[in-house]
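Here is how the chains run, residue by residue.
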Amino acid sequence: FMIFSVISGAGILRLKSGLGRVPEKAIEKELIAFYNSPVSTIEFPESSMTAGSSNPRIKIYVFTDFLCIACYKFYNTEKYILAKYGDRVQFVYYHYPLDSTCNRDIDETLYAESCTASRSMYAAAKAGFFEEYFFTHFGSYKEIKEDYGDKSVQYARQIADKTSAEFNIGKSQTETFNRLFDSPSFPSEITENIELAVRLNVGGTPTVYIGGREFNGVPNRDILEAIILRELSAS
């Protein structure tokens, strides 16, 4: 949340009044459909990858591929939500790389080296700077997306260096990141997240859960905000 607290109230209002604003009737229709959808009693495991409040009133669970185009689109929604509700909302992330190198659930790789991107996020989370690394990574998405597959290790290190410089990450944390990122063993946490996604029949990324109800794909910002407001009023 600290990362986005610098966004001004005026900036939030400009975001809110953008050209993509959904009509109120359409929002209400989507809310009715969402709250009429079945509720699953999913017990999500603890995740080392979170952004937002450390004591949230609402948790939003997200299965994501850290290179997918739709996930980048959702990142732009997340920035808005955290700027406005980051003291009450937490995003909790789980790995689901669309890369057959580490994900046996898919037949064809959609985003080359997204397993490496997941490894970098795992390393940043264990080193204690996931949120900063996550938003530095997606903030650089337009520059890295075309050739991440060929330069994944180089880009992951560059993003770690940039994160360290911009957010004053300690030397010991950076060393932990490098040690974990360089480890020859593939993180079991990533594999366990993929297995969880398979059990939940996750079909793509991002897949988002709020209060046991599922979004498949990118929730519209206005729809997501309306759900958050309703959840906050009920909590």
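Report follows, based on the coordinates.

Reading the values: the criteria
Residues numbered from 1 in each chain as written. Predicted model: local features only at pLDDT ≥ 70, side-chain atom pairs only at ≥ 80, totals over all residues. Heavy atoms only, no water. Helix = DSSP H or I, 4+ residues; strand = E, 2+ residues; numbered from the N terminus. Polar contact = N/O pair within 3.5 Å; in protein donor to acceptor, adjacent residues only side chain to side chain. Contact = heavy atoms within 4.5 Å. Phe/Tyr/Trp six-rings, centres within 6.5 Å; stacked < 30°, edge-to-face > 60°. Buried < 20%, exposed > 50% of the residue type's maximum accessible area, 1.4 Å probe, protein only. Salt bridge = Lys/Arg side-chain N within 4 Å of Asp/Glu carboxyl O.

On to the side chain of Ser 53, then. Examined against the element boundaries, Ser 53 turns out to sit in the loop between β1 (50–52) and β2 (58–64). Within polar-contact distance, the side chain of Ser 53 engages the backbone oxygen of Asp 87 at 3.4 Å. Those residues in contact with Ser 53, other than ones at most four positions away along the chain, are Gly 86, Asp 87, Arg 88, Val 89 and Gln 90.

It is worth spelling out the packing of aromatic side chains at this point. What characterises a pair of aromatic rings is the spacing of the ring centres plus the angle enclosed by the ring planes. Taken as a whole and judged by the stated rule, the model has 27 aromatic pairs. Taking the centre distance of 6.4 Å and the plane angle of 45° together, the rings of Phe 44 and Phe 63 count as tilted. Remark: Phe 63 occurs in strand β2 and Phe 44 occurs in the loop between α2 (24–35) and β1; sequence separation between them is 19 residues. Of the two residues examined, Phe 44 and Phe 63, each falls in the buried class. Clustering of aromatic rings is evident, with ring pairs tying together Phe 66, Tyr 72, Phe 74, Tyr 75, Phe 91, Tyr 93, Phe 130, Phe 134, Phe 135, Phe 138 and Tyr 141.

This part takes up the environment of Ala 112. Take Ala 112: it is sitting in the loop between β3 (89–95) and α4 (114–127). Along the sequence, Ala 112 and Ser 172 sit 60 residues apart, while their C-alpha atoms lie 30 Å from each other. Here Ala 112 is in contact with Leu 67, Asp 99, Tyr 148 and Gly 149, once residues within four sequence places are set aside.

So, on to the pattern of salt bridges. Across all of its chains, the model carries eight salt bridges by this definition. A salt bridge links Arg 230 to Glu 28, with the nearest nitrogen and oxygen atoms 3.9 Å apart. One end of the pair, Arg 230, is in helix α10 (residues 221–234); the other, Glu 28, is in helix α2, with 202 residues separating them in the sequence. Glu 28 gets classed as partly exposed once you look at its relative accessible area, which sits at 38%. Asp 87 serves as the salt-bridge partner of Arg 88, at 3.2 Å between the closest nitrogen and oxygen. The exposure class of Arg 88 is partly exposed, given its relative accessible area of 26%.

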